[in-house]
Amino acid sequence: MEAILVSACLRGVPCRFDGRHKGSSEVEAAVTGREVVSFCPEVAGGLVTPRRPAELVGGDGYDVLDGTARVVDDTGRDVTAEFVHGARRALAAARSAGCTEALLMPRSPSCGRGVVHDGSFTGELMPGDGVTAALLERNGIAVRPAPGV
Ligand code: SF4
């Protein structure tokens, strides 16, 4: 069976901005029998854990990749370069393992698919993809948001 790229935090790795993880039996059931590549683009991009929460500003992940939007944390620090670097490393990891699919953490500015936080740091959501989800989709890797998270 083909390999699948999975957000590392969904597999119990405490790499979220708050130092926690989002591992669950639902996610494990969804990848049973698959070769799993667990990957955290934000850590791979050079960010530390824990870290300040970050959101997409001025557009979604596609706009970030196109240079018309940014990723900033809640102190105003621009972390766009780290997010783009992490996305590129995620794509390289997926390609290297032959992944054609990814199961990623919902709403994240990196991993979100379909819906992400809107840049206001108020919990509000907007339609769109995170930076890594956008780069994977743009390169033919089908991204699904994880169930039950
Ligand atoms: Fe890392 Fe993605 Fe999980 Fe954020 S959502 S901690 S970037 S794997």
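My aim in this report is to walk through the structure given alongside it, one point at a time. What you are looking at is a predicted structure, and each value in this text was computed from that prediction instead of being measured.

**What about the pairing of strand E1 (residues 4–7)?**
When a strand is regular, its side chains alternate between the sheet's two faces.
Point 1. The side-chain alternation of E1 yields two buried faces, one formed by Ile4 and Val6 and the other by Leu5 and Ser7.
Point 2. The pairing of E1 with strand E2 (residues 36–39) spans 4 bridges and is parallel. Paired with Ile4 across the bridge in E2 is Val36.
Point 3. As a crossover connection, the stretch from E1 through helix H1 (residues 25–31) into E2 is right-handed.
Point 4. Across 3 bridges, E1 lies against strand E5 (residues 101–104) in parallel orientation. Following the sheet pairing, Val6 is matched in E5 by Leu103.

**Focus on helix H5 (residues 131–138)**
Point 1. Most of H5 sits inside the fold, with 6 of its 8 residues counted as buried.
Point 2. Every buried residue belonging to H5 is among Val131, Thr132, Ala133, Ala134, Leu135 and Leu136, and all of these are buried.
Point 3. One or two residues past the end of H5 sits Gly140, with phi positive at roughly 85°.

**Quick word on the state of the cysteines**
Point 1. With the rule as written, the count across this model stands at 0 disulfides.
Point 2. Note on Cys15: no disulfide assigned, nearest cysteine sulfur contributed by Cys40 at a separation of 3.9 Å.

**Looking at the pattern of salt bridges**
Point 1. Considering all chains together, one arrives at 11 salt bridges under this definition.
Point 2. Measuring nitrogen to oxygen at the nearest pair gives 3.0 Å for the salt bridge that ties Arg138 to Asp66. Placement of the pair is Arg138 in helix H5 and Asp66 in the loop between helix H3 (61–65) and strand E4 (70–73), with a sequence separation of 72 residues.
Point 3. Among the ionic pairs, Glu137 bridges to Arg113, the shortest N-O distance being 3.3 Å. Of the two residues, Glu137 is situated in helix H5 and Arg113 in the loop between E5 and strand E6 (115–117); the sequence distance between them amounts to 24 residues.

Rules behind the numbers
- Residues numbered from 1 in each chain as written.
- Predicted model: local features only at pLDDT ≥ 70, side-chain atom pairs only at ≥ 80, totals over all residues.
- Heavy atoms only, no water.
- Buried < 20%, exposed > 50% of the residue type's maximum accessible area, 1.4 Å probe, protein only.
- Helix = DSSP H or I, 4+ residues; strand = E, 2+ residues; numbered from the N terminus.
- Pairing = 2+ DSSP bridges.
- Right-handed = clockwise from strand over helix to strand, strands pointing away.
- Disulfide = S-S within 2.5 Å.
- Salt bridge = Lys/Arg side-chain N within 4 Å of Asp/Glu carboxyl O.

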